[in-house]
Amino acid sequence: MKTREEAIISLTPAADYSAKRGYLVTHDGTTATLSASATVRAKGVILDANPTAAGYANEKVTVALLGSVPGTVLMCAGGVIAAGDWVQQDSDGQVLTDAGSGGRVIVGQALEAATAAGDLIEVAPIAPLPLS
């Protein structure tokens, strides 16, 4: 039986994620799939993307498990986010500022600002928290 000091795992990407560092994912224990829902909890965030677009099926992505990984992680912003904002997952694997109402899943607190979609920002992750 294997144990880990940190909740970081290597998974096979379901598609080319070579440009998806900081994106939220779900997984089945062997394959990482980009989170495609704003309301179904993501399980982790890509720390290191697969190296090449063409060889993704034979490569791995490194994933930090939300709610278990110590410290902070980089997440990809889906728009402008202020430092200190709670962030929620978006339906494309990125994070947005918490809308404050409606069905959503909070995944952490932004420790730095994002000025545009695609920015990688430092986030203190939490166990995904579904809210309505």
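Residues numbered from 1 in each chain as written. Predicted model: local features only at pLDDT ≥ 70, side-chain atom pairs only at ≥ 80, totals over all residues. Heavy atoms only, no water.

### Regarding the overall build of the protein
Counting secondary structure elements, the protein contains zero helices and ten strands. Ordered by position from N to C terminus, the α and β elements of the protein give β-β-β-β-β-β-β-β-β-β. Its C-alpha atoms give the protein a radius of gyration of 14 Å, within 12% of the compact-globule value 14 Å for 132 residues. Principal-axis analysis of the C-alpha atoms gives the protein an extent of 40 × 35 × 25 Å. Expressed as a percentage of its 132 residues, the buried residues of the protein come to 39%. Surface accessibility of the protein: about 6,500 Å² in total, with carbon and sulfur atoms responsible for 51%. Computing the positive centroid from 8 side-chain charges and the negative centroid from 13, the protein places the two 9 Å apart. (Helix = DSSP H or I, 4+ residues; strand = E, 2+ residues; numbered from the N terminus. Rg over C-alpha atoms; globule rule 2.2 N^0.38 Å. Buried < 20%, exposed > 50% of the residue type's maximum accessible area, 1.4 Å probe, protein only. Areas by Shrake-Rupley, 256 points an atom, 1.4 Å probe, with all protein chains shown as cover. Lys, Arg positive; Asp, Glu negative; His and termini not counted. Charge placed at Lys NZ, Arg CZ, Asp CG, Glu CD.)

### Brief notes about the sheet that holds strand β8 (residues 95-97)
Strand order in the open sheet formed by five strands is β6-β10-β9-β7-β8, with antiparallel pairing between adjacent strands. Two strands close off the open sheet at either side, each with one partner strand: β6 (73-76) and β8. Averaged over all pairs of adjacent strands, the angle between strand axes in this sheet comes to 50°, irrespective of strand direction. Across four bridges, the pairing between β6 and strand β10 (residues 120-131) is antiparallel. Bridging from a neighbouring strand, V73 pairs with V123 of β10. (Pairing = 2+ DSSP bridges. Axes fitted to C-alpha atoms, helices over the stretch in contact; angles between N-to-C directions.)

### Quick look at the side chain of S35
Secondary-structure assignment places S35 in the loop between β3 (31-34) and β4 (44-48). The buried category is assigned to S35, whose relative accessible area is 2%. Setting aside residues up to four positions removed in sequence, S35 forms contacts with L24, V25, T26, V40, A42, Q89, D90, S91, D92 and G93. (Contact = heavy atoms within 4.5 Å.)

### Observations regarding the pattern of salt bridges
Side chains bearing opposite charge may pair, as long as their charged atoms lie close to each other. On inspection of all chains with the given rule, the structure shows one salt bridge. Where R104 meets D98, a salt bridge forms, and the shortest distance between an N and an O atom there is 2.5 Å. Residue classification places R104 among the buried residues on the basis of a relative accessible area of 7%. (Salt bridge = Lys/Arg side-chain N within 4 Å of Asp/Glu carboxyl O.)

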